[in-house]
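Residues per chain are reported as follows:
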Amino acid sequence: MKNTTHSRPRLAACAGAGLALLLLAGCGALPDKPARATLYDFGPGLAASAAAANPPAAALPTLALAEIESNTRLDGTQILYRLGYADANELRPYGQSRWSLPPAQLLRQRLRDALSERRTVLGPEESATIARAEGKVPDTLRISLDEFSHYFDSASSSVGLVRLRATLIRGTTGGDRVLGQRTFTVRRPAPSADAPGGVKALAAATDAAVAEVVQWVDQQQRQ
């Protein structure tokens, strides 16, 4: 008669080893974790260094900066592009790239920093508090962001395209009065036909648009 007492542990060990191999093989077949999206913003900005190198002139009147309005497609954090040579009416998102904040919020931060070099800039709530306490209503700048996309003129040529509308309002005892309204459209070339290239182009276009808006507001408030 064969001795089965010693063979059973060997069979159990073999079965255990086989199960371990199957588990390892199964783990290898599992899908990888989804790739995390790359986050972008407009960079640190050069407003502070520029102000240090070129001290600002006399301060301008206090300004209230309203929250920036935008269409619903720009409310999210997707980085959008248009193929102008194929279908300029279709907005397409880059798959694994995102803005750190919605474009309107990134634009407002940039604009507030630039405007603050020459004046005190308040938010809507701060402006309302001063109006109640001092009876003074500062001028209000309203911005509508209408276009913010990586625009392809061709498969090899693209730009960052920013279009916004600025309205400067002055509150008076007789009601609000529009001091001026202007649309700004800025294009800046993209260094590459991908999300990183679009980000660089849109950051450059935003800075150029902000500079134009600041200059325009300065002129309006001096009048």
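All figures in this text were calculated on a predicted structure; none of them were measured in a lab. (Residues numbered from 1 in each chain as written. Predicted model: local features only at pLDDT ≥ 70, side-chain atom pairs only at ≥ 80, totals over all residues. Heavy atoms only, no water.)

**Examining the overall build of the chain**
Inference 1: On a plain count of helices and strands, the chain comes out with 5 helices and 9 strands.
Inference 2: Going from N to C terminus, the chain has its helices and strands arranged as α-β-α-β-β-β-β-α-β-α-β-β-β-α.
Inference 3: For the chain, the proportion of its 223 residues judged to be buried stands at 36%.
Inference 4: Here the analysis covers contacts within the chain between residues at least 6 apart in sequence; of these, 67% occur between residues at least 24 apart. (Helix = DSSP H or I, 4+ residues; strand = E, 2+ residues; numbered from the N terminus. Buried < 20%, exposed > 50% of the residue type's maximum accessible area, 1.4 Å probe, protein only. Contact = heavy atoms within 4.5 Å.)

**Side note on the pattern of salt bridges**
Inference 1: Summed over all chains, the structure comprises 9 salt bridges.
Inference 2: With its nearest N and O atoms 2.9 Å apart, the salt bridge here joins Asp153 to Arg187. In this pair, Asp153 sits in strand 7 (residues 139-154) while Arg187 sits in strand 9 (residues 175-189), placing the two residues 34 residues apart along the sequence.
Inference 3: Its relative accessible area of 33% is what places Asp153 among the partly exposed residues.
Inference 4: Linked by salt bridges that have partners in common, Arg118, Arg119 and Asp218 make up one network. (Salt bridge = Lys/Arg side-chain N within 4 Å of Asp/Glu carboxyl O.)

**Some remarks on the packing of helix 3 (residues 103-115) against helix 5 (residues 195-222)**
Inference 1: In the contact formed by helix 3 and helix 5, the axes pass within 10 Å of each other and the chain directions differ by 45°. Relative to helix 5, helix 3 is oriented oblique. Note that helix 3 runs across helix 5; the crossing there is right-handed. Residue-level inspection shows Leu107, Arg110, Leu111, Ala114 and Leu115 of helix 3 in contact with helix 5, the latter providing Thr206, Asp207, Val210, Val213 and Val214.
Inference 2: A per-class count over the contact of helix 3 with helix 5 returns 7 nonpolar, 1 polar and 2 charged. (Axes fitted to C-alpha atoms, helices over the stretch in contact; angles between N-to-C directions. Parallel < 35°, antiparallel > 145°, perpendicular 65-115°, else oblique. Left-handed = near helix turned anticlockwise from the far one by under 90°. Nonpolar A, V, L, I, M, F, W, Y, C, P; charged D, E, K, R; others polar.)

**As for the pairing of strand 4 (residues 78-83)**
Inference 1: Taking burial as the measure, the 6 residues of strand 4 include 5 buried ones, the bulk of the element.
Inference 2: In this sheet, strand 5 (residues 87-99) lies alongside strand 4 in antiparallel orientation, the contact comprising 4 bridges. Pairing of Leu83 across the sheet is with Asp87, part of strand 5.
Inference 3: Where strand 4 lies against strand 7, 3 bridges are found, and the strand directions are parallel. Bridging from a neighbouring strand, Leu83 pairs with Phe152 of strand 7. (Pairing = 2+ DSSP bridges.)

**Quick look at the environment of Gln96**
Inference 1: Inspection of the secondary structure puts Gln96 in strand 5.
Inference 2: Residue class for Gln96 comes out partly exposed when judged on its relative accessible area of 45%.
Inference 3: Between the alpha carbons of Gln96 and Leu39 there is a distance of 8.9 Å; along the sequence they are 57 residues apart.

These figures capture arrangement, not role.
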